[in-house]
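Each chain is listed here by its residues.
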Amino acid sequence: MNHIEQCENLVKEVYMHFDASHDFQHIERVRKNAFDIADTEPSANKEIIELAVLLHDVSDPKYSTEEKREEERIIKQLNLTEQKEAQVKDVIKAISFNGGHELEAVTIEAKIVRDADRLDAIGAVGIARTFAYGGAKGRLLYDASETPRENMSIEEYRTKKTASVTHFYEKLLKLSDGMQTKKGKELAVERHAFMELFLENLRKETGEQL
């Protein structure tokens, strides 16, 4: 069994306990996005990309109370070289939005995986994931009285239970502008437009200024 197969088997045990917004189907979609982008970036290391994709949410603070515990546990079992382990960890660190406090994606692998993950946060799938997560956490669909926050801290971003539609304005509608790769930018255009259309229709149907 190679590192990818071993990693996939280990992470599946973790993701099966997450809600539908961050389950293994999410990982499979991100992996497809990453490979589509990587095909346009010949210098990219696909093994590092795939390992980072598989591992990137196992220690997500939305689900894990002990930061990096699952990630470290699984990586240790893979017996990667020190170089590969460091590369995978560096990619994972660069992915999270963190309320706008994201780290710089320096390597092409980090740029690819960040774009791939964020593509799954926008468009039709992104809309579905937003409401799946909101439903799992007992959040309102929308709240016309709620003002989207700017310049929030990481703690504020992660702890306040805003309505699902507010999340579009605080994060999702900002993602297309931050795509790191040419292919990622291209793929984000249609998905971003679909979210704007969805929000326009939601305003019409509810009569609310959302």
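All of the points below concern the structure found in this document. For every chain, the first residue of the written sequence is number 1, and numbering continues from 1 onward in sequence order. The model is predicted, so local features are restricted to residues of pLDDT at least 70 and side-chain atom pairs to those at 80 or more, both for listing and for counting; the totals for chains, interfaces and linings are taken over all residues. Just so you know, side-chain values use all the structure's heavy atoms and leave hydrogens and water out.

1. Some details on the side chain of Arg129
- Considering the arrangement of structural elements, one finds Arg129 in helix 7 (residues 123-136).
- Note on classification: 1.4 Å probe, protein chains only; a residue is buried when its accessible area is under 20% of the maximum for its type, exposed when over 50%, partly exposed between these limits. For Arg129, a relative accessible area of 12% puts it in the buried group.
- Each polar contact in these results corresponds to two N or O atoms within 3.5 Å; when the atoms are within protein, one needs to be able to donate a hydrogen and the other to accept it, and residues that are neighboring in sequence are counted only if both atoms are side-chain atoms. Among the polar contacts made by the side chain of Arg129, one reaches the main-chain carbonyl oxygen of Ser21 at a distance of 2.6 Å.
- Excluding anything up to four places from it in sequence, Arg129 contacts Ser21, His22, His26, Arg29, Asp120 and Ala121. Secondary structure counts use DSSP, requiring at least four H or I residues in a row for a helix and at least two E residues in a row for a strand, with both numbered from the N terminus. Any pair of residues with heavy atoms lying within 4.5 Å of one another is described as a contacting pair.

2. Topic: the packing of helix 3 (residues 46-55) against helix 5 (residues 82-93)
- All axes are obtained by fitting lines to C-alpha atoms, using only the stretch in contact for helices, and the reported angles, taken between N-to-C directions, cover 0 to 180 degrees. Two numbers describe how helix 3 lies on helix 5: the axes approach to 9 Å, and their chain directions differ by 55 degrees. In terms of their interaxial angle, helix 3 and helix 5 are classed as oblique. Where helix 3 crosses over helix 5, the two elements pack in a sense that is right-handed. Residue-level contacts link Glu47, Ile48, Leu51, Ala52 and Leu55 of helix 3 to Lys84, Gln87, Val88, Val91 and Ile92 of helix 5.
- In this classification, the charged set is Asp, Glu, Lys and Arg, the nonpolar set is Ala, Val, Leu, Ile, Met, Phe, Trp, Tyr, Cys and Pro, and all remaining amino acids, among them Gly, are polar. Taken together, the residues of the contact of helix 3 with helix 5 break down into seven nonpolar, one polar and two charged. Here is the rule for angles: anything less than 35 degrees is roughly parallel, anything more than 145 is roughly antiparallel, 65 through 115 is roughly perpendicular, and the remaining ranges are oblique. Each helix crossing is assigned a hand: it is left-handed if the near helix lies turned anticlockwise from the far helix by less than a right angle, otherwise right-handed if that turn is clockwise.

3. Things to note about the environment of Phe198
- Mapped onto the secondary structure, Phe198 falls in helix 10 (residues 182-206).
- Separated by 71 residues in sequence, Phe198 and Ile127 have C-alpha atoms that sit 8.6 Å apart.
- Other than its neighbours up to four places away in sequence, Phe198 contacts Ile127, Phe131 and Phe168.

4. Looking at the pattern of salt bridges
- Here, a salt bridge means any Lys or Arg side-chain nitrogen found within 4 Å of an Asp or Glu carboxyl oxygen. Scanning all chains against the criterion turns up 17 salt bridges.
- The closest approach of N and O atoms between Arg73 and Glu70, which form a salt bridge, is 2.6 Å. One end of the pair is Arg73 and the other is Glu70, both in helix 4 (residues 69-78) and three residues apart, which spans about a single turn.
- For Arg73, a relative accessible area of 32% gives the class partly exposed.
- A relative accessible area of 13% means that Glu70 is categorised as buried.
- Here Lys89 makes a salt bridge to Glu85, at a shortest N to O gap of 2.9 Å.

5. Let's talk about the packing of aromatic side chains
- Put simply, two rings from Phe, Tyr or Trp (the six-membered ring, in Trp's case) pair if the centres are within 6.5 Å, and we call them stacked under 30 degrees between planes, edge-to-face over 60, tilted for the rest. If you walk through the whole model with that rule in mind, you get seven aromatic pairs.
- Aromatic pair Phe131 and Phe168: ring centres 6.2 Å apart, planes at 40 degrees, arrangement tilted. Of the two residues, Phe131 is situated in helix 7 and Phe168 in helix 9 (residues 164-170); the sequence distance between them amounts to 37 residues.
- Given the relative accessible area of 23%, Phe131 is considered partly exposed.
- For Phe168, a relative accessible area of 0% gives the class buried.

Keep in mind these numbers describe shape, not what the thing actually does.
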